[in-house]
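Inside the fold
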Amino acid sequence: MKRHLLAVIIALGACAASGCKPPRSAVYTSPRGDFRADVPWAWSVMLDADGRNFVNTAFIGPFEPDFYLGAPSLSVRWHAAYAAHKLRDGSIEMYAGPDDYIKQTLEGVYGPDRVLLEPVSDVVVAGRRAKHFVVLSAGPAHPKARWGTAVEQSTGRTINPRQHAYVVVPAAAGFYVLVYPATQAGFAKYEPQFNRLVNSFTPLTDGPDGAALAPPAGKKAR
């Protein structure tokens, strides 16, 4: 897997000198030209890529103590269907498609004690039928983690009180996943930014370096 940190350079100095107010968001087009969306202004961008099989574009915001490790973020991920991808812990993930991804994520990541605050439901993203859900789950926390943790009353252990929102958008060769990995305490803080990302998200090609996507049924290409 290749990792790239892309510094987002915003001319805030000139704006501050002129007394103008920075915008809340900026239009971001991925370096490989596969999607476009509105993202929070001046957040940094980190890319993890495994060829065309998997790409994670993470937008990382300023320090917030209610978020795990103090780092709020939004992500756009691409998964090619039936393509194996090696995770950092050495395990392998592979998904047949959006439904299989949702099933494996709920069962494997969040486990039987998860609570679906918003059940899996149909939404429309860029004219395409997508899936949305929000899950609450007590996740593991690093022993030295200071920010965004809580103490589980039933066990006394320190946990990451995960409240994560997902939108899964299908394409021909795979699917995109828009993720807001917040905590229960921090979720409301950047929920509007996540909603703006979702509502503005436009897949342009069939995955990174893929062919141009045909417009959804009933839509004309621009």
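Rules of the game
- Residues numbered from 1 in each chain as written.
- Predicted model: local features only at pLDDT ≥ 70, side-chain atom pairs only at ≥ 80, totals over all residues.
- Heavy atoms only, no water.
- Helix = DSSP H or I, 4+ residues; strand = E, 2+ residues; numbered from the N terminus.
- Contact = heavy atoms within 4.5 Å.
- Pairing = 2+ DSSP bridges.
- Phe/Tyr/Trp six-rings, centres within 6.5 Å; stacked < 30°, edge-to-face > 60°.
- Buried < 20%, exposed > 50% of the residue type's maximum accessible area, 1.4 Å probe, protein only.

1. Quick look at the side chain of threonine 105
Tracing the backbone shows threonine 105 in helix H2 (residues 98-110). Beyond its immediate sequence surroundings of up to four residues, threonine 105 is in contact with Tyr110 and Tyr166.

2. Side note on the sheet that holds strand S14 (residues 202-203)
With antiparallel pairing, the three strands of this open sheet are ordered in space as S2-S3-S14. Two strands lie at the open edges of the sheet, namely strand S2 (25-29) and S14, each paired on one side alone. By the bridge criterion, two bridges tie strand S3 (residues 35-40) to S14 in an arrangement that is antiparallel. Opposite arginine 36, over in S14, you have threonine 202 as the bridge partner.

3. Some points on the packing of aromatic side chains
The relation between two aromatic rings is expressed through the spacing of the ring centres and the mutual angle of the planes. Within this structure, the stated rule accounts for 18 aromatic pairs. Measuring from centroid to centroid gives 5.0 Å for tyrosine 28 and phenylalanine 59, while their planes differ by 85°, and the two rings are edge-to-face. In this pair, tyrosine 28 is assigned in strand S2 and phenylalanine 59 in strand S5 (residues 54-60), connecting sequence segments 31 residues apart. Residue class for tyrosine 28 comes out buried when judged on its relative accessible area of 13%. Members of the aromatic cluster, joined through ring pairs, are Tyr28, Phe35, Phe59, Trp78, Tyr176 and Phe201.

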